[in-house]
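# Architecture at a glance
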Amino acid sequence: MAQPGSAPLTYRPIWPGAAPGGERVTEAEQEIPRSPTGPKDDTAFLHVRTPTMAHIAPANPNGAAILLVPGGGYLRVAIGNGGRALLQFFADQGYHAYLLKYRLPGDPWAAGPDAPLQDAQRALRLIKAEAKANAIAIDRIGVMGFSAGGHLAAMLAYRSDETYCPVDAVDAQPLGIRVAGLLYPVALMGAPGTHKGSQDQLLGKDPTPEKALRARTDARINAASPPTFIAHAIDDRVVSVDNGLALLAALRRAKRPAEAYLPEIGGHGFGVMLDGQPAPWTSLFFAFAKRHGL
């Protein structure tokens, strides 16, 4: 598997021109170190102006694709030094792997809290528009999100409403994904266990109960929601496991296929590798995904 520090990722814009609704956005996009002592490629993006997507094609394709959505508390997009290795990990399993850099709701985009979802929907449609050329089955595309990226991935999975006006032929592609994977996901808003940093960025301080409820991903689950895999450590002190449990409970109420990996110890942001080996949740996810057609 490719390791951090190998060839840098190449990102391409997902919109044919400027992202929609940016007339009042003036902050310049920045790439900053996540840690002053970390590797050079351990970075995060602030004030994203140009949403982009990176792609690694598998050597031995299985006909499916997965869109990976990094976290960052909706304050930044934390691609991190594992961005390329994360993509390569899924490509090594046969998936066309895509990584999304999305806009942030704290900037004054016209769509407000839906600006990141606009980018996720557009990215999904791009993957579908190019599916035939990449020998991807259009009904075998999944999404996986991490932390606040888990909130965005869940919104992509559980919402089917249009968030932007079509800009080209790509936008004729339907929404909808085959399987969702949510790792230590932000889900709750305006409730015990809410990740306040994500809520503040997405909704502002002290949102009304109605506004908070609209942003809860567990409240979006219904009988049409896709099969969902959840991994959340019980000792997570950043995003409470209450978020993952709320999603699992909602999926059960809706009688939707679901599986949860809830280790006693793991903290937040445990990723795909553990002690140089694939983390235990990865084999569970791949078995779940295969079982449900991804």
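Summarised in this report is the structure supplied together with it. (Residues numbered from 1 in each chain as written. Predicted model: local features only at pLDDT ≥ 70, side-chain atom pairs only at ≥ 80, totals over all residues. Heavy atoms only, no water.)

## Looking at the overall build of the chain
Here is the rule we go by: What counts as a helix is a DSSP run of H or I of at least four residues, what counts as a strand is a run of E of at least two, and both are numbered from the N terminus. Throughout, radius of gyration means the C-alpha value; the globule benchmark is 2.2 Å times the number of residues raised to the power 0.38. With a 1.4 Å probe rolled over the protein chains alone, any residue whose accessible area is under 20% of its type maximum counts as buried; one over 50% counts as exposed, and the rest are partly exposed. By definition, residues are in contact when any of their heavy atoms lie within 4.5 Å. All accessibility values rest on the Shrake-Rupley procedure with a 1.4 Å probe; residue burial counts only the protein chains present in the view. We treat Lys and Arg as the positive residues and Asp and Glu as the negative residues; His and chain ends play no part in the count. Charge positions come from single atoms, namely NZ of Lys, CZ of Arg, CG of Asp or CD of Glu.
Each helix and strand counted, the chain has seven helices and 12 strands in total. Its C-alpha atoms give the chain a radius of gyration of 18 Å, near enough to 19 Å, the size a compact globule of 294 residues would have. By principal-axis analysis of the C-alpha atoms, the chain measures approximately 45 × 45 × 40 Å. Buried residues in the chain amount to 52% of all 294 residues. Considering only intrachain contacts with a sequence separation of at least 6, the fraction spanning at least 24 residues in the chain is 79%. Approximately 12,700 Å² of the chain is accessible, and the part contributed by carbon and sulfur atoms is 54%. Across the chain, the centroid of the 29 positively charged side chains sits 5 Å from that of the 26 negatively charged ones.

## Some remarks on the pattern of salt bridges
Which entries qualify depends on this criterion: Put simply, a salt bridge is a Lys or Arg side-chain nitrogen that is within 4 Å of an Asp or Glu carboxyl oxygen.
Counted according to the given criterion, the structure contains 13 salt bridges. Measuring nitrogen to oxygen at the nearest pair gives 2.7 Å for the salt bridge that ties Glu 130 to Arg 12. With Glu 130 in the loop between α2 (115-129) and β7 (141-146) and Arg 12 in strand β1 (residues 12-13), this pair connects stretches of sequence that are 118 residues apart. Between Asp 218 and Arg 216 there is a salt bridge whose closest N-O contact spans 2.7 Å. Residue Asp 218 is classed as buried on the basis of its relative accessible area of 8%. Among the charged side chains, a salt-bridge network with shared partners connects Asp 114, Arg 159 and Asp 161.

## Regarding helix α1 (residues 83-91)
Burial of α1 is extensive: eight of the nine residues sit out of reach of the surface. When α1 is considered as a whole, its buried residues turn out to be Gly 83, Ala 85, Leu 86, Leu 87, Gln 88, Phe 89, Phe 90 and Ala 91.

## Quick notes on the environment of Leu 117
Mapped onto the secondary structure, Leu 117 falls in helix α2. By relative accessible area, Leu 117 is classed as buried at 3%. Sequence separation between Leu 117 and Ala 59 is 58 residues, and the spatial gap between their C-alpha atoms is 30 Å. Setting aside residues no more than four positions away along its own chain, Leu 117 makes contact with Leu 152, Met 155, Leu 156, Arg 159 and Thr 163.

## Focus: the pairing of strand β10 (residues 258-261)
A regular strand places its side chains on the two faces of the sheet in alternate fashion. Put simply, the test is: Two strands pair if DSSP finds at least two bridges between them. Orient the strands so they point away from the viewer; a crossover is then right-handed if the path from the first strand over the helix to the second runs clockwise.
Pairing between strand β9 (residues 228-231) and β10: four bridges, direction parallel. Paired with Phe 229 across the bridge in β10 is Glu 259. In the classification by handedness, the crossover that spans β9, the intervening helix α6 (residues 241-253) and the parallel β10 is right-handed.

## Looking at α2
Note the threshold: Residue count minus one, scaled by 1.5 Å, sets the expected span of a helix.
Here α2 spans 21 Å end to end across 15 residues, near enough to the 21 Å set by a 1.5 Å rise per residue. Burial within α2 is extensive, with 14 of its 15 residues counted as buried.

## Side note on the packing of aromatic side chains
What describes a pair of aromatic rings is the distance from one ring centre to the other and the angle between the planes of the rings. Stated formally: Stacked, edge-to-face and tilted labels apply to pairs of Phe, Tyr and Trp rings (six-membered ring for Trp) whose centres lie within 6.5 Å, assigned for plane angles under 30 degrees, over 60, and everything in between, in that order.
The full count for this structure, using the stated rule, is 14 aromatic pairs. Measuring from ring centre to ring centre gives 4.8 Å for Trp 15 and Tyr 164, while their planes differ by 80 degrees; the resulting arrangement is edge-to-face. With a gap of 149 residues between them, Trp 15 in the loop between β1 and β2 (30-33) and Tyr 164 in the loop between α3 (148-158) and β8 (180-183) connect regions that are remote in the sequence. Here the two residues Trp 15 and Tyr 164 agree in accessibility, since each one is buried. Ring centres of Phe 229 and Phe 285 lie 5.7 Å apart, and the angle between their planes is 75 degrees; this geometry places the pair in the edge-to-face category. A residue pair is termed long-range when its members are at least 10 positions apart, and Phe 229 in strand β9 and Phe 285 in helix α7 (residues 280-291) qualify at 56 residues. The burial state of Phe 229 is the same as that of Phe 285; both residues are buried. Members of the aromatic cluster, connected to one another through ring pairs, are Phe 89, Phe 90, Tyr 95, Phe 229, Trp 281, Phe 285, Phe 286 and Phe 288.

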